[in-house]
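Fold and contact review
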Amino acid sequence: MRLARFLLTILVSLCTIFFLSSPAQASDAPAKRIDAGNASSVYIDSAGKLWASRDTFYYEGEKNRPAMIAKNVIAVSTSQGESTVYFITRDHTLWGYGSGTYGQLGKEKDFSPTPEPLLKNIVFIDAGHDTPFAIDEKGQLWTWGNDNPAKGKSTLIQASVPAFPAGPVKMADNIVQVSSSLSHTLALAKDGTLLAWGDNPGGEIGDGTITNRTHPVTVDISTLNGRKIVKITTRFGESFALTDDGTLWNWGQSYTIPAEPGAGFPRLKPEKITYLDNVADVALGWGHILVLKKDKTVWIAGTGKMLNRDMEYEKIMYEERQTFLSMHGGKPDEETGDDDSLNDTSDDRFREIVHRWHSPRKIATNIAEITSGQNHILLRKTNGTVIGCGANFAGELGIPNKGKQVYFTFVTLPVPR
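Every chain is numbered on its own, with residues counted from 1 as its sequence reads. Thresholds applied to this predicted model are a pLDDT of at least 70 for local features of residues and 80 or more for the giving and counting of side-chain atom pairs; totals over whole chains, interfaces and linings are not thresholded and use all residues. Only hydrogens and water are set aside when side-chain values are computed; all heavy atoms of the structure are taken into account.

Observations concerning unusual backbone geometry
Unlike most non-glycine residues, Asn-225 shows phi in positive territory, near 55 degrees. Among the structural elements, Asn-225 can be located in the loop between β16 (213-218) and β17 (229-235). If you check the backbone angles, Asn-366 has positive phi at about 55 degrees while not being a glycine. Comment: elements are numbered from the N terminus, with helices defined as DSSP H or I runs of at least four residues and strands as E runs of at least two.

Following this line, the structure appears as structure tokens:
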């Protein structure tokens with residue numbers, strides 16, 4: 001009997017320890033360890049330390065090298081508009097720092113160089129453009145910040161948060177994932193229902209209309225034929241959904257994706273992107289789509305002067321420019337392959353060459369996680385190292401030379417003192 005009681009006591013203790021060390025997660029989406037925003041980069045290392053591109057957030061120290069911001073971090077998101085970063089610590093506290101121009105930090109201040117606690121019991125954060133969205137442990141979706149179309153209007157009874165002067169608005173219940181752009185917002189419910197609100201001139205809401213929606217409406221996902229949505233993501237005028245069978249779906253007025261054969265724009269309901277399959281994750285830039293496939297390879301497609309080309313493509317671009325200038329009485333460049341010289345021309349005919357569509361191509365292998373800013377990308381390899389390429393004007397890649405980086409470079413984190 002004593003032995004049985006002893007074993008029962010041990011079992012209860014172990015269960016208690018497991019319960020205390022495993023906080024409940026309301027979100028089905030995996031937490032981000034890397035994220036890229038508008039001229040900003042953030043990264044959570046294996047010890048839970050949060051690092052950020054230093055120039056963007058005015059931290060003291062060596063220029064263009066990442067700075068350690070916080071410890072015990074489990075999730076991070078950086079905005080695509082003003083430079084604001086949000087992160088969640090192990091105790092489910094949401095923190096923020098950077099720009100507070102539109103009330104993104106919940107207080108009347110334009111900028112905070114150091115992190116400040118914002119909300120408790122938060123398990124998911126999407127920084128959006130300038131309007132963040134947070135999901136708490138109960139699945140309640142909250143928003144604050146810039147009063148743009150993506151913020152929407154709520155019909156729910158609101159609860160006051162005295163310590164948060166900006167007054168977060170409760171938008172929905174039972175939410176597990178959210179993605180917001182400058183134009184609109186998507187929210188995925190626990191039962192698989194997809195909600196949307198905001199501007200809708202191109203059908204990005206996905207309810208079969210082009211009517212703007214100030215309140216959440218249900219997206220028509222009948223075209224998915226029962227597939228389960230595992231990730232949602234947005235950019236201005238466009239919506240994307242990744243389903244459990246590895247297919248990627250898109251709707252809205254696409255500015256960067258060619259129409260499927262026999263189809264056109266706007267897309268008022270989700271339509272399958274047929275040239276991308278076996279997709280495990282997706283990230284969006286200004287004009288490109290970055291895809292992580294289930295075999296750990298990364299592919300890129302779309303338009304964009306910074307990212308969607310390698311050195312061979314840049315050489316071709318230079319040769320085309322020289323031919324173009326010679327044919328139209330211009331003087332050929334003395335320097336080769338420079339992004340700035342490529343974009344100096346004001347002739348629309350050459351600009352069409354720079355921004356033309358490029359089909360998907362493989363750019364990396366052995367990748368565990370992807371993210372994209374407007375003009376730079378970061379990849380976390382399966383061995384934990386981080387590589388990046390693209391714009392580095394604000395130290396996004398953590399390397400000394402400003403400008404662009406065509407080849408991938410390792411993002412080196414300094415050893416904290």
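Some details on the side chain of Asn-250
Counting through the fold element by element, Asn-250 comes out in strand β19 (residues 248-252). Within the structure, the side chain of Asn-250 is placed 2.6 Å from the side chain of Arg-267, a separation counted as a polar contact. Any pair of nitrogen or oxygen atoms within 3.5 Å is treated as a polar contact; in protein, a donor-acceptor pairing is required on top of that, and neighbouring residues in sequence qualify only through side-chain atoms on both sides.

Focus on the confidence of the model for the protein chain
The pLDDT value expresses, per residue, how confident the predictor is, ranging between 0 and 100. Mean pLDDT over the protein chain works out to 78, with 69% of the residues at or above the 70 mark. Of all helices and strands in the protein chain, the one with the weakest mean pLDDT is helix α1 (residues 2-21) (36), whereas strand β14 (residues 184-189) scores best (98). The criterion used for residue contact is that any of the two residues' heavy atoms lie within 4.5 Å. Counted against residues more than four places away or in other chains, residues 1-27, with its pLDDT under 50, gives 14 contacts. Segment residues 56-61 is flagged for pLDDT under 50; beyond a separation of four residues in sequence, or across chains, it makes 22 contacts in the model.

Focus on the sheet that holds strand β7 (residues 94-99)
Pairs of strands are assigned from DSSP output, requiring at least two bridges between the strands. Judged by pairing direction, the sheet is antiparallel, and its four strands sit side by side in the order β5-β6-β7-β8 without closing on themselves. Because the sheet does not close on itself, it has two edges, and the strands there are β5 (73-78) and β8 (111-119). Across this sheet, the average inter-strand angle for adjacent strands is 20 degrees, counted without regard to direction. Axis definition: a line fitted to C-alpha atoms, limited for helices to the stretch in contact. Angles are taken between N-to-C directions and run from 0 to 180 degrees.

Notes on the environment of Ala-47
Relative to the helices and strands, Ala-47 is located in the loop between β2 (40-44) and β3 (50-52). Here's how the labels work: a residue is buried when its accessible area is under 20% of the maximum for its type, exposed when over 50%, partly exposed in between, all with a 1.4 Å probe on protein chains only. Residue Ala-47 is classed as partly exposed on the basis of its relative accessible area of 43%.

Concerning the packing of aromatic side chains
Any two of the Phe, Tyr and Trp rings considered here, Trp counted by its six-membered ring, make a pair once their centres fall within 6.5 Å; the pair's planes then place it as stacked at under 30 degrees, edge-to-face at over 60, or tilted in between. Counting across every chain of the model gives three aromatic pairs. An angle of 0 degrees between the planes, with centres 6.2 Å apart, marks the rings of Phe-87 and Trp-95 as stacked. An angle of 55 degrees between the planes, with centres 6.0 Å apart, marks the rings of Phe-133 and Trp-197 as tilted. Here Trp-197 lies in strand β15 (residues 194-198) and Phe-133 lies in strand β10 (residues 133-136), a separation of 64 residues in the sequence.

Quick word on the pattern of salt bridges
We count a salt bridge whenever a side-chain nitrogen from Lys or Arg sits within 4 Å of a carboxyl oxygen from Asp or Glu. This model, assessed by the stated rule, comprises nine salt bridges. For Lys-170, the salt bridge goes to Asp-173, with nearest N and O atoms at 2.9 Å. The residue Asp-277 makes a salt bridge to Lys-293 at a minimum N-O spacing of 3.2 Å. Pair noted here: Asp-277 is in the loop between β20 (267-272) and β21 (279-284) and Lys-293 is in strand β22 (residues 288-293), with a separation of 16 residues, a long-range link.

Quick word on the sheet that holds β3
The strand order β1-β2-β3-β4 describes an open sheet built from four strands, whose pairing is antiparallel. Each edge of the open sheet carries a strand with a single partner, namely β1 (34-37) and β4 (67-70). Each strand of the sheet is rotated relative to its neighbour by a mean of 25 degrees, with strand direction disregarded. Across three bridges, the pairing between β2 and β3 is antiparallel. Note on β3: the bridge partner recorded for Tyr-43 is Trp-51.

Observations regarding the pairing of β22
Successive side chains on a regular strand alternate, one facing one side of the sheet and the next facing the other. Counted residue by residue, β22 has six buried out of six residues, so it is predominantly covered. Neither face of β22 is left uncovered, since the one carrying His-288, Leu-290 and Leu-292 and the one carrying Ile-289, Val-291 and Lys-293 both have all their residues buried. In this antiparallel pair of consecutive strands, β21 and β22, the connection spans three residues. Where β22 and strand β23 (residues 298-302) come together, five bridges link them in antiparallel fashion. When the sheet's bridge partners are listed, Ile-289 is paired in β23 with Ala-301.

As for the environment of Phe-408
Along the chain, the position of Phe-408 falls in strand β28 (residues 404-410). Residues Phe-408 and Leu-378, spaced 30 residues apart in sequence, show a C-alpha to C-alpha distance of 9.1 Å.

Overview of the side chain of Thr-84
Residue placement: Thr-84 occurs in strand β6 (residues 84-89). A distance of 2.8 Å separates the side chain of Thr-84 from the backbone oxygen of Ser-99, its partner in a polar contact.

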